[in-house]
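Listed below, chain by chain, are the residues.
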Amino acid sequence: MPSCRRKKSGQAIYLPDSSLPHVAAPKGTFNLTPREREIALSSMTCSSIAEMAEQLHVTEITVKKHLGRIYEKAGVKGKTELIKKLMSL
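Asks: Help me understand helix 2 (residues 49–56), please; the structure alone is not making it clear to me.
Replies: Residues of helix 2 that are buried: E51, M52, A53, Q55 and L56. Within two residues after helix 2, H57 carries a phi angle of roughly 60°, on the positive side.

Given below as C-alpha coordinates:
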(Lines give C-alpha, C1' and ligand atoms only; values in the text may rest on other atoms or scores of the structure.)
Protein backbone atom coordinates (compact mmCIF):
# COMPACT_ATOMS: atom_id res chain seq x y z
CA MET A 1 0.00 0.00 0.00
CA PRO A 2 1.52 3.35 -0.97
CA SER A 3 2.13 6.13 1.51
CA CYS A 4 0.98 9.67 0.87
CA ARG A 5 2.63 13.03 1.26
CA ARG A 6 1.33 16.48 0.48
CA LYS A 7 3.12 18.77 -1.95
CA LYS A 8 3.33 22.50 -1.28
CA SER A 9 0.59 22.90 -3.88
CA GLY A 10 -1.70 20.90 -1.59
CA GLN A 11 -1.92 17.94 -3.92
CA ALA A 12 -1.41 14.51 -2.36
CA ILE A 13 1.25 12.31 -3.93
CA TYR A 14 1.54 8.60 -3.29
CA LEU A 15 4.85 6.90 -2.63
CA PRO A 16 5.73 3.19 -2.42
CA ASP A 17 5.74 1.48 0.98
CA SER A 18 9.53 1.59 0.99
CA SER A 19 9.27 5.33 1.66
CA LEU A 20 7.59 4.76 5.05
CA PRO A 21 9.79 5.41 8.06
CA HIS A 22 11.34 2.09 9.06
CA VAL A 23 11.84 3.09 12.70
CA ALA A 24 8.15 3.43 13.42
CA ALA A 25 5.93 0.94 15.21
CA PRO A 26 7.95 -2.25 15.32
CA LYS A 27 5.90 -5.35 16.10
CA GLY A 28 4.83 -5.41 19.73
CA THR A 29 5.06 -1.63 20.13
CA PHE A 30 2.26 -0.52 22.49
CA ASN A 31 0.48 -3.85 21.76
CA LEU A 32 -0.99 -2.41 18.55
CA THR A 33 -2.95 -4.64 16.22
CA PRO A 34 -1.59 -4.98 12.66
CA ARG A 35 -4.22 -2.49 11.41
CA GLU A 36 -3.38 -0.03 14.20
CA ARG A 37 0.31 -0.31 13.25
CA GLU A 38 -0.64 0.47 9.64
CA ILE A 39 -2.63 3.52 10.74
CA ALA A 40 0.18 4.70 13.04
CA LEU A 41 2.64 4.49 10.12
CA SER A 42 0.19 6.27 7.85
CA SER A 43 -0.13 9.10 10.38
CA MET A 44 3.56 9.81 9.89
CA THR A 45 3.25 10.45 6.16
CA CYS A 46 -0.31 11.74 5.67
CA SER A 47 -1.23 15.23 6.74
CA SER A 48 -4.93 14.62 7.31
CA ILE A 49 -7.39 11.99 8.41
CA ALA A 50 -9.08 12.28 5.00
CA GLU A 51 -5.80 11.36 3.26
CA MET A 52 -5.28 8.44 5.62
CA ALA A 53 -8.81 7.18 5.00
CA GLU A 54 -8.34 7.43 1.24
CA GLN A 55 -4.99 5.64 1.36
CA LEU A 56 -6.32 2.84 3.57
CA HIS A 57 -9.68 2.53 1.78
CA VAL A 58 -11.74 3.13 4.94
CA THR A 59 -13.95 5.91 6.26
CA GLU A 60 -12.65 8.88 8.20
CA ILE A 61 -14.62 7.69 11.26
CA THR A 62 -12.76 4.36 11.12
CA VAL A 63 -9.41 6.17 11.06
CA LYS A 64 -10.47 8.38 14.00
CA LYS A 65 -11.54 5.35 16.06
CA HIS A 66 -8.27 3.57 15.36
CA LEU A 67 -6.27 6.69 16.20
CA GLY A 68 -8.12 7.05 19.51
CA ARG A 69 -7.17 3.49 20.47
CA ILE A 70 -3.59 4.03 19.28
CA TYR A 71 -3.24 7.24 21.32
CA GLU A 72 -4.59 5.47 24.40
CA LYS A 73 -2.24 2.50 24.01
CA ALA A 74 0.75 4.76 23.34
CA GLY A 75 -0.10 7.09 26.22
CA VAL A 76 -0.24 10.21 24.05
CA LYS A 77 -2.82 12.91 23.43
CA GLY A 78 -2.44 13.46 19.70
CA LYS A 79 -0.70 12.90 16.41
CA THR A 80 2.34 15.07 17.16
CA GLU A 81 3.07 13.25 20.41
CA LEU A 82 2.55 9.87 18.70
CA ILE A 83 5.01 10.69 15.93
CA LYS A 84 7.60 11.92 18.44
CA LYS A 85 7.19 8.73 20.48
CA LEU A 86 7.44 6.50 17.40
CA MET A 87 10.52 8.31 16.13
CA SER A 88 12.23 7.86 19.50
CA LEU A 89 11.96 4.04 19.32
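Asks: I'm lost on the packing of helix 3 (residues 60–74) against helix 4 (residues 79–87) in this one. Help?
Replies: The angle between the axes and the distance between the axes are what describe a pair of packed helices. Running from N to C, helix 3 and helix 4 point in directions that differ by 55°, and their axes come no closer than 10 Å. Between helix 3 and helix 4, the angle is such that the two are oblique. At the point where helix 3 passes helix 4, the crossing takes the left-handed sense. Here I70, Y71 and A74 of helix 3 come into contact with helix 4, specifically with K79, L82 and K85. Per-class residue counts for the contact of helix 3 with helix 4 are four nonpolar, no polar and two charged.

Asks: Is there a simple way to think about the side chain of S43 in this case?
Replies: Along the chain, S43 falls in helix 1 (residues 34–45). Using a relative accessible area of 1% as the deciding quantity, one classes S43 as buried. Once you skip the residues sitting within four places of it in the chain, S43 turns out to touch M52, L67, K79, L82 and I83.

Asks: Looking at this structure, how should I read the pattern of salt bridges?
Replies: Pairing between side chains of opposite charge can happen when the charged atoms of each approach one another. In this structure the tally under the stated criterion is three salt bridges. Notably, a salt bridge pairs E36 with R69, separated by 3.6 Å at the nearest N-O pair. Here R69 lies in helix 3 and E36 lies in helix 1, a separation of 33 residues in the sequence. According to the relative accessible area criterion, R69 is partly exposed, its value standing at 39%. As a salt-bridge pair, E36 and K73 come within 2.7 Å of each other at their nearest N and O atoms. Note that E36 is positioned in helix 1 and K73 in helix 3, a separation of 37 residues in sequence. Take K73: its relative accessible area is 36%, and that puts it in the partly exposed class. Through salt bridges that share partners, E36, R69 and K73 make up one connected network.

What counts, and at which threshold
Residues numbered from 1 in each chain as written. Predicted model: local features only at pLDDT ≥ 70, side-chain atom pairs only at ≥ 80, totals over all residues. Heavy atoms only, no water. Buried < 20%, exposed > 50% of the residue type's maximum accessible area, 1.4 Å probe, protein only. Helix = DSSP H or I, 4+ residues; strand = E, 2+ residues; numbered from the N terminus. Axes fitted to C-alpha atoms, helices over the stretch in contact; angles between N-to-C directions. Parallel < 35°, antiparallel > 145°, perpendicular 65-115°, else oblique. Left-handed = near helix turned anticlockwise from the far one by under 90°. Contact = heavy atoms within 4.5 Å. Nonpolar A, V, L, I, M, F, W, Y, C, P; charged D, E, K, R; others polar. Salt bridge = Lys/Arg side-chain N within 4 Å of Asp/Glu carboxyl O.

The analysis is restricted to geometry; functional conclusions fall outside its scope.
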